[in-house]
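Chain and residue survey
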Amino acid sequence: MDLEIFWFCLIAVLWSGYFLLEGFDFGVGMLLPFVPRNERERGAMFESIGPVWDGNEVWLVVAAGATFAAFPAWYATMFSGFYLAFLLLLFFLIVRVVSFEWREKSESPRWRSVWLWANTIGSTGIALLWGLGLANLIHGLPLDSNGDYDGGLVDLFSAYTVFAGIAFVLVFAFHGASYLTLRTTGDLLERTRVAARRLAIPAAAAGAAFLIWTVVVAIDRNDKDVFPVVVPAVLGIAALTLAALLVYVGRSGLAFTMTALGTIAAVATLFTGLYPRVMVSNPDFANSLDVPGASSAHYTLAVMTVVALIVTPVVLLYQSWSYYVFRARITGEDVHPPTEAMGRRSSGSPAS
Amino acid sequence: MSPLASTAVDLARIQFATTSIYHFLFVPLTLGLGPLVATMQTIWHRTGDEAWLRLTRFFGTLFLINFAIGVATGLVQEFEFGMNWSVYSKFVGNVFGAPLAIEGLAAFMLESTFLGLWIFGWNRLSPRLHLATLWIAVVGSWLSGYFILVANSWMQHPVGYKIVDGEAQLTSVWALLSNGFALRAYVHTMLAGLIFGSSVVLGVSCWHFLRRHEVDLFRKAAKLALIVAVPVTLLQLVVGNRFGEAVTSAQSMKIAASEAQWNTCQPCGFSLFQIGGFTVDDQTPSFSITVPRLLSYMATGSFDGQVEGLNQLQAEEESSYGPGNYMPNVRVIYWSMRVMAFTGVLMFLVAAVGAWLYWKQKLEQARWFLWTAVGAIAFPYVAATAGWILTEMGRQPWIVQGLLLTSEANSPNVSSTWVAISLGFFIVLYLLLGILDFVLMRRYARPGRPLTSEELPAPAVTF
């Protein structure tokens, strides 16, 4: 296999890793204002992703860095083209990152509520914008003969791309709810189960509609055949449908596996639909950026392949170990607000 | 170039300067406080002395508040190359992208995963393993520093590449990774990180002495900070000087500008202070204090060394690259060099005086020094900012030394209005974050704050 095709696939894998892992973090963030009933439960929800969200986010850092290194023209055109959308995305990313570390640093209910909402709005906004952004790659953008973006902010919005954003939000909310059913206990667990059941059908329906629409867009606007794009799309639809069914019969572990597979299938559908292009140009299809045209030279790709093949297994190993360390369900009992002074800790036991 | 395009470049430059200087207010503290906190935990682990556990928790909290904002602002840096500098990104991606991608995969993954394990692992991991997670996170952050400086140094001193169809392509990854410029920059930057960490630990400890709060506890922290600060600030003066020699051979114009040296000299005196002499039309200062032969030594390692002047270098570059102005802003470069060097000396003096007072057992009583040490927390911030202004503005008009001009590297499809919007956006957001960060840091560093459960010994019994 050519190294540039290998790197196209690897970038798809990095996006899959990012959405599979950070996707449930987004979902937990979206549910923060709605599912917990008290500070202890809010703390438990934060703790369910506290140790891992940062490592999950690095998958995005690597995906962006790998795009820069392996496909400089793709990185340059995409990031300059999505300028204002990415500015908004950075806002969401920043307030969300900060919310994790800063929220617990004061006991003021107002401060905590601000950072809780920062996490929720950040998580929702990031999911929405990534759906919109990645869908635009395949739906097509006005590119000039130089491969530069030649449109404005409004060109990013179309029925398909906006729907993609909404579908990403719903699927991640569902993915997050099914994650929480594996990580919580007691009343909170009951309520996360209710949330997962309520989200199951809308998320599975939106996800399925997005996948079908993506296949149509790939055929219509990117000159693709039904095969092989339809394969990951059908797998994704099956996974999301199964996830919804499993949630109703109370099989949390399997349901989470299925939302995870659905997420991976969605990325696979987008990238299969995109190949051999990396950004479709519309209306001038001939100006599209493709894999050979956007890629780095062989030597760079060879060097990075060696590094990726050595380092990635190690990363997977220690990230898995970290999930293993934090596998226990969170009772909320050991979530003392860290700013609580010692004297008050003995008198004011957490409400339960 | 049209005036509009020039506005877009200027705005993009101001934006990059603003966001990267801001980012680098937080990064070096992460680099330096990390190993100090890990050392505190190691001492606790070895001796079982609860004081060191409390110090680990205390400074660990400051470390994490600071870390969060460093991560958040780092994302902006990664996006900004593509957003504002698309021509640059296409030109350098083959070479510059690789260390960036490796930084994420090899360094940030390590740092973020193991820091998560450290923060939440107090009761879940064995003490030895828990200690190891922090050290591994520190290794991750120090690795990330290496890869990003490899990338930056390639812009200062490009190596291991060839130009094919108007793009730089990598020819030797070994040359890229062992770039002498990068190795020197790395040592210089990591030492800067340790200076950040030790001045924060020392300053905060002295603040506690001033209020007579937990004096016994913070005496231990102050001792550790001084043990690090004295050799490191001294070493930094030597390393900074050696780094200057590397700059002389790679970027003669930068050195000439940093000394406002208009004409080639041999031997050359070092100007400590001067009035005037900063522009082409005004090349002779009206007043200056100069140390004979010192510049020759600093730039070349020999008291007889020759340093090329701005006028000669300008003529040479014009003959190589065609007509144009190849000189950076001499006034800014001259003063940023001096601010960096003078605060560097001051930081050494603070550390040395502090160590002497500690040795004489007078540290906690010398209120004049305690106030100085609190104020001296600002010094590394000032020095690092000046250092980056020197490094990056001194490279102008090039974005990649000798290969690509800054004025030709921005995104052609991004209008100056968009850049102005994003610049305004970052200034407002960063100011807000900066104020909140300062308030939080102060609140968690201040004497007399009740102990938090984070700083209490990890509960042995849970029920």
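Residues numbered from 1 in each chain as written. Chains lettered and ligands numbered in written order. Predicted model: local features only at pLDDT ≥ 70, side-chain atom pairs only at ≥ 80, totals over all residues. Heavy atoms only, no water.

**Some thoughts on the confidence of the model for chain A**
Close inspection of predicted coordinates is inappropriate in any region flagged by low pLDDT. This prediction gives chain A a mean pLDDT of 91; 94% of its residues lie at or above 70. Scored below 50 in pLDDT, residues 335-352 of chain A shows 38 contacts in the model against residues more than four places distant or in partner chains. (pLDDT = per-residue confidence, 0-100. Contact = heavy atoms within 4.5 Å.)

**Quick word on the interface of chain B and chain A**
Counting from both sides, the interface comprises 75 residues of chain B and, opposite them, 74 residues of chain A. For the pair chain B and chain A, the number of links is 2 salt bridges. The salt bridge partner of A:Asp148 is B:Lys90, with a shortest N-O separation of 3.1 Å. Connecting chain B to chain A are 18 residue pairs in polar contact (both at pLDDT 80 or more). Of all the elements in the fold, those that place two or more residues in the side of chain B that touches chain A are helix H2 (50-84), helix H3 (86-120), strand E2 (167-170) and helix H14 (416-445) of chain B. In terms of residue count, the dominant contributor to the side of chain B that touches chain A is H3(B) (25 residues). A per-class count over the side of chain B that touches chain A returns 47 nonpolar, 22 polar and 6 charged. (Salt bridge = Lys/Arg side-chain N within 4 Å of Asp/Glu carboxyl O. Polar contact = N/O pair within 3.5 Å; in protein donor to acceptor, adjacent residues only side chain to side chain. Helix = DSSP H or I, 4+ residues; strand = E, 2+ residues; numbered from the N terminus. Nonpolar A, V, L, I, M, F, W, Y, C, P; charged D, E, K, R; others polar.)

**Some words on helix H4 (residues 72-81) of chain A**
Burial analysis of H4(A) places 10 of its 10 residues in the buried class, the great majority of the element. Along H4(A), the residues classified as buried are A:Pro72, A:Ala73, A:Trp74, A:Tyr75, A:Ala76, A:Thr77, A:Met78, A:Phe79, A:Ser80 and A:Gly81. (Buried < 20%, exposed > 50% of the residue type's maximum accessible area, 1.4 Å probe, protein only.)

**Things to note about the packing of helix H1 (residues 3-31) of chain A against helix H12 (residues 298-325) of chain A**
Residue and element names in this part refer to chain A. Contact pair H1 / H12: the axes reach a minimum separation of 11 Å and the direction vectors enclose 25 degrees. Viewed along their axes, H1 and H12 adopt a mutual orientation that is roughly parallel. The handedness of the crossing between H1 and H12 comes out as left-handed. Facing Leu3, Glu4, Phe6, Trp7, Leu10, Leu21 and Phe24 of H1, the residues of H12 in contact are His298, Leu301, Ala302, Met304, Thr305, Ala308, Leu309, Gln319 and Tyr323. (Axes fitted to C-alpha atoms, helices over the stretch in contact; angles between N-to-C directions. Parallel < 35°, antiparallel > 145°, perpendicular 65-115°, else oblique. Left-handed = near helix turned anticlockwise from the far one by under 90°.)

**Some thoughts on the state of the cysteines**
Residues and elements named next belong to chain B. The tally for this structure, following the rule as stated, stands at 1 disulfide over all chains. Between the sulfur atoms of Cys265 and its disulfide partner Cys268 the distance amounts to 2.1 Å. Taking the torsion about the S-S bond as the criterion, the Cys265 to Cys268 disulfide, at about 105 degrees, is right-handed. Each member of the pair, Cys265 as well as Cys268, carries the same accessibility label: buried. (Disulfide = S-S within 2.5 Å.)

**Looking at the packing of helix H6 (residues 180-210) of chain B against helix H7 (residues 215-250) of chain B**
All names here are of chain B. It is the contact of H6 with H7, at a shortest axis distance of 7 Å, that shows an interaxial angle of 155 degrees. Regarding the angle of H6 to H7, the classification is roughly antiparallel. Along this stretch, H6 crosses H7, giving a crossing that reads as left-handed. Considered class by class, the residues forming the contact of H6 with H7 number 25 nonpolar, 7 polar and 3 charged.

**Thoughts on the pattern of salt bridges**
All names here are of chain A. The tally for this structure, following the rule as stated, stands at 19 salt bridges over all chains. One salt bridge in this structure joins Glu41 and Arg191, with 2.8 Å as the shortest N-O distance. Placement of the pair is Glu41 in helix H2 (residues 39-49) and Arg191 in helix H8 (residues 186-222), with a sequence separation of 150 residues. Glu57 is paired through a salt bridge with Arg96; the nearest N and O atoms lie 3.8 Å apart. Note that Glu57 is positioned in helix H3 (residues 53-70) and Arg96 in helix H5 (residues 83-102), a separation of 39 residues in sequence. For the residue pair Glu57 and Arg96, the accessibility class agrees, reading buried in each case. One network of salt bridges, with partners in common, ties together Glu39, Arg42, Arg103 and Arg112.

**As for unusual backbone geometry**
Geometrically, the link from A:Tyr275 to A:Pro276 is a cis peptide bond, its omega value of 5 degrees lying close to zero. Among the structural elements, A:Pro276 can be located in the loop between helix H10 (252-274) and strand E1 (277-279). B:Pro267 follows B:Gln266 through a cis peptide bond whose omega is -10 degrees. Along the chain, B:Pro267 falls in the loop between helix H8 (252-258) and strand E3 (270-275).

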